[in-house]
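# Observations on chain architecture
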Amino acid sequence: MRILLVIDGMHPRDGGPPAVVAGSAIALRGLGHAVTVLTTLQPGDEADVCSTWAAMRDAGVEMTFCAPVGLSHLLGLDRIDPAMRDAVAAADVVHVHGFWTPALLLAAKMAQRAGTPYFLSTHGLLDRRALTSSRSKWIKKRAALTFLGFRPVFRDASGVIFGSETEDAESWDPTPGMRKYYIPNGVDAAVGQRPATPGSRQKLAAIAPQFDQWDCSLLFYSRIHPEKGLDMLVKAFNAVALDFPGVGLLIAGIMKDEDYGARVASLVAQCPAPDRIVLTTRLTGPESHFVYSLCDIFVLPSHAEGFSVALTEALAHGLPSLITRYCHVPLVASEGAGVVVDPTPEAIEAGLRLLLALTDEELAAMGRNARALFDRRYTWARVAEQLSEAYGAAATAAGDSGRVRA
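As the structure is a prediction and not an experimental result, all values here were calculated from the model.

The rules behind the values
Residues numbered from 1 in each chain as written. Predicted model: local features only at pLDDT ≥ 70, side-chain atom pairs only at ≥ 80, totals over all residues. Heavy atoms only, no water. Pairing = 2+ DSSP bridges. Helix = DSSP H or I, 4+ residues; strand = E, 2+ residues; numbered from the N terminus. Axes fitted to C-alpha atoms, helices over the stretch in contact; angles between N-to-C directions. Contact = heavy atoms within 4.5 Å. Buried < 20%, exposed > 50% of the residue type's maximum accessible area, 1.4 Å probe, protein only. Phe/Tyr/Trp six-rings, centres within 6.5 Å; stacked < 30°, edge-to-face > 60°. Core = buried A, V, L, I, M, F, W, Y, C linked by side-chain atoms within 4.5 Å. Patch = residues over 30% accessible without salt bridge, like charges linked within 9 Å, V, L, I, M, F, W, Y side chains within 5 Å. Areas by Shrake-Rupley, 256 points an atom, 1.4 Å probe, with all protein chains shown as cover. Salt bridge = Lys/Arg side-chain N within 4 Å of Asp/Glu carboxyl O. Lys, Arg positive; Asp, Glu negative; His and termini not counted. Charge placed at Lys NZ, Arg CZ, Asp CG, Glu CD. Polar contact = N/O pair within 3.5 Å; in protein donor to acceptor, adjacent residues only side chain to side chain. Parallel < 35°, antiparallel > 145°, perpendicular 65-115°, else oblique. Left-handed = near helix turned anticlockwise from the far one by under 90°.

### Details of the sheet that holds strand β11 (residues 297-300)
One open sheet holds the 6 strands; their spatial order is β10-β9-β8-β11-β12-β13, and the pairing between them is parallel. For this open sheet the edge positions go to β10 (277-280) and β13 (338-341), each flanked by a neighbour on one side alone. On average, each strand axis in the sheet is inclined to that of its neighbour by 15°, with strand direction left out of account. Note that strand β8 (residues 216-224) and β11 share 2 bridges and pair parallel. By the bridge assignment for β11, Leu218 is matched with Ile297. Its contacts with the sheet put helix α17 (residues 345-356) on β8, β9 (247-255), β11, β12 (321-324) and β13, and the angle it makes with β13 is roughly 165°.

Put into structure tokens, the structure is as follows:
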């Protein structure tokens with residue numbers, strides 16, 4: 001099949017979705033499909049994007065750039081970039097990662113008009129709590145559904161992809177009768193199998209020289225944004241720091257909200273053991289994934305989550321994890337790979353105390369369970385099989401199999 005993956009930005013600053021697109025593209029190419037990634041490109045970003053995702057090019061995945069898309073393009077007031085038009089026209093199946101931005105909605109509508117099967121990945125964007133956290137946000141989303149034609153796009157999609165059934169249960173349905181698939185994100189099976197290099201250790205030491213003094217290290221590796229609940233984690237760590245003198249917290253984040261980042265930094269400054277907490281924005285992107293192999297416990301205290309790439313990477317590295325139930329991976333607890341708590345400072349503190357009281361042997365057993373869970377469910381090879389099956393069924397159902405290339 002000729003598969004087109006569409007995303008509104010592949011720069012590392014865009015967080016987890018670019019990694020999802022790259023991983024799935026490489027794995028689908030490995031199954032023999034012709035795969036193209038279509039992404040908008042901000043001026044000056046091309047070199048960073050190409051170097052970050054060089055593995056896609058090496059695997060034979062084509063990357064096509066188009067200009068940023070605004071409402072004027074969506075409303076037919078400006079000319080559509082030929083790169084987007086041609087890429088959608090050439091595809092047997094289109095998979096749009098997200099939907100709220102004009103570029104993604106436009107690509108979905110183009111596939112819809114052409115009668116080409118298309119899928120929408122939610123990436124947590126339909127989470128009820130996140131949508132209704134701001135009255136203005138909720139009003140804007142409802143207006144977009146009415147005036148920009150979102151409902152038919154959801155209704156006619158060959159599949160709306162959630163990371164899990166638990167994510168779906170916490171999500172809002174824009175229209176009844178959506179065809180739903182539950183397919184998680186993945187990580188390459190080789191992730192977590194190589195130890196950190198001396199150079200990696202030196203890079204971390206330059207940013208956080210106190211790290212080597214910690215007996216046990218907690219890792220937060222995600223966006224610095226209110227949805228990620230980082231303020232709750234810092235409050236919880238401040239409450240346990242004096243009771244566990246050998247424990248440190250490394251916060252490696254992509255800054256997405258400057259005001260929130262300042263609030264978190266203020267909480268970090270209040271830690272009763274300031275030498276045991278580090279907040280940095282200098283460890284981001286694939287080249288910084290070595291931090292997993294240097295840390296002992298992964299923590300993701302999110303208020304809302306789709307299917308976290310960071311958590312999947314932590315499982316691949318065999319890290320015990322402390323997550324909230326809104327991460328939508330209850331298997332972390334049921335498979336003995338960590339602890340799942342409510343998104344409150346008190347619950348996170350209790351989870352930290354539980355994990356930090358475990359023996360080294362008990363934590364090591366949790367880590368083995370984490371890696372075993374990853375191997376069974378979250379490798380890109382397994383995820384690509386599920387995607388390929390869904391794409392093929394949609395193409396057949398659309399009566400399109402005659403023009404699909406094997």
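### So, the environment of Phe298
Here Phe298 shows up in strand β11. Look at Phe298 and you get buried, because its relative accessible area is 0%. It is 23 Å that separates the C-alpha atoms of Phe298 and Glu165, two residues lying 133 residues apart in sequence.

### Here's the deal with unusual backbone geometry
In this structure, His123 takes a positive phi of about 50° despite not being glycine. Mapped onto the elements of the fold, His123 is located in the loop between β5 (118-121) and α7 (128-131). Look at His123 and you get partly exposed, because its relative accessible area is 23%. Backbone geometry at His328 places phi at a positive 65°, although glycine is not the residue there. As for its placement among the helices and strands, His328 is situated in the loop between β12 and α16 (331-334). Using a relative accessible area of 2% as the deciding quantity, one classes His328 as buried.

### What about the packing of aromatic side chains?
Here the structure, examined in full by the defined rule, presents 10 aromatic pairs. Look at Phe162 and Tyr182: their rings are 6.4 Å apart centre to centre, the planes differ by 45°, and that puts the pair in the tilted class. Residue Phe162 is found in strand β6 (residues 159-162), and its partner Tyr182 is found in strand β7 (residues 180-182); the two are separated by 20 residues along the sequence. Ring geometry for Tyr221 versus Tyr292: centroids 5.2 Å apart, planes at 70°, classification edge-to-face. A residue pair is termed long-range when its members are at least 10 positions apart, and Tyr221 in strand β8 and Tyr292 in helix α14 (residues 291-294) qualify at 71 residues. By the burial criterion, Tyr221 is buried, and Tyr292 matches it.

### Details of the side chain of Ser302
Tracing the chain through its elements places Ser302 in the loop between β11 and α15 (309-316). Residue Ser302 is classed as buried on the basis of its relative accessible area, which comes to 0%. With residues near it in sequence (within four places) discarded, Ser302 still touches Glu227, Lys228, Gly229, Thr324, Tyr326, Cys327 and Pro343.

### Overview of the sheet that holds strand β4 (residues 93-97)
Pairing in this open sheet of 7 strands is parallel, and the strands run β3-β2-β1-β4-β5-β6-β7 from one edge to the other. Two strands close off the open sheet at either side, each with one partner strand: β3 (62-66) and β7. On average, adjacent strands in this sheet sit at an angle of 25° to one another, irrespective of strand direction. Bridging between strand β2 (residues 34-40) and β3 involves 5 bridges; their strand directions are parallel. Residue pairing in the sheet places Thr36 in a bridge with Glu62 of β3.

### Structural notes on the nonpolar core
Core analysis: the largest hydrophobic core is formed by 71 residues, its most contacted members being Phe298 and Leu352. Among residues more than four places away in sequence, those in contact with Phe298 are Leu219, Tyr221, Tyr292, Ala310, Leu311, Ala314, Leu319, Pro320, Ser321 and Leu322. By size, the runner-up hydrophobic cluster in this structure holds 37 residues, among which are Leu4, Val6, Leu120 and Phe162.

### Structural notes on a negative patch on the surface
A cluster of acidic residues, Asp296, Asp360, Glu361 and Glu362, forms a negative patch on the protein surface. Relative to the helices and strands, Asp296 is located in the loop between α14 and β11. Residue Asp296 is classed as partly exposed on the basis of its relative accessible area of 33%.

### So, the side chain of Ser121
With respect to the secondary-structure elements, Ser121 resides in strand β5. The buried category is assigned to Ser121, whose relative accessible area is 7%. A distance of 2.7 Å separates polar atoms of two side chains, one belonging to Ser121 and the other to His95. If near-sequence neighbours (up to four positions away) are discounted, Ser121 is found in contact with His95, Val96, His97, Gly98, Phe99 and Ile161.

### Points about a nonpolar patch on the surface
On the surface, a nonpolar cluster with roughly 330 Å² of combined accessible area is contributed by Leu71, Leu75 and Leu77. Along the polypeptide, Leu77 turns up in the loop between α4 (71-74) and α5 (82-90). Assessed through its relative accessible area of 66%, Leu77 is described here as exposed.

### Quick notes on the environment of Asp231
With respect to the element layout, Asp231 can be found in helix α12 (residues 230-240). If we ignore the near neighbours within four places in the chain, the residues touching Asp231 are Tyr260, Arg263, Val264 and Leu267.

### Considering the packing of α12 against α17
A pair of packed helices can be characterised by two numbers: the angle between their axes and the separation between those axes. In contact at an axis separation of 8 Å, α12 and α17 are set at 50° when each is read in the N-to-C sense. When the interaxial angle is binned, α12 and α17 end up oblique. As for how α12 packs across α17, the hand of that crossing is right-handed. Where α12 abuts α17, its residues Met232, Leu233, Lys235, Ala236, Phe237, Ala239 and Val240 lie against Pro345, Ile348, Glu349, Leu352, Arg353 and Leu356.

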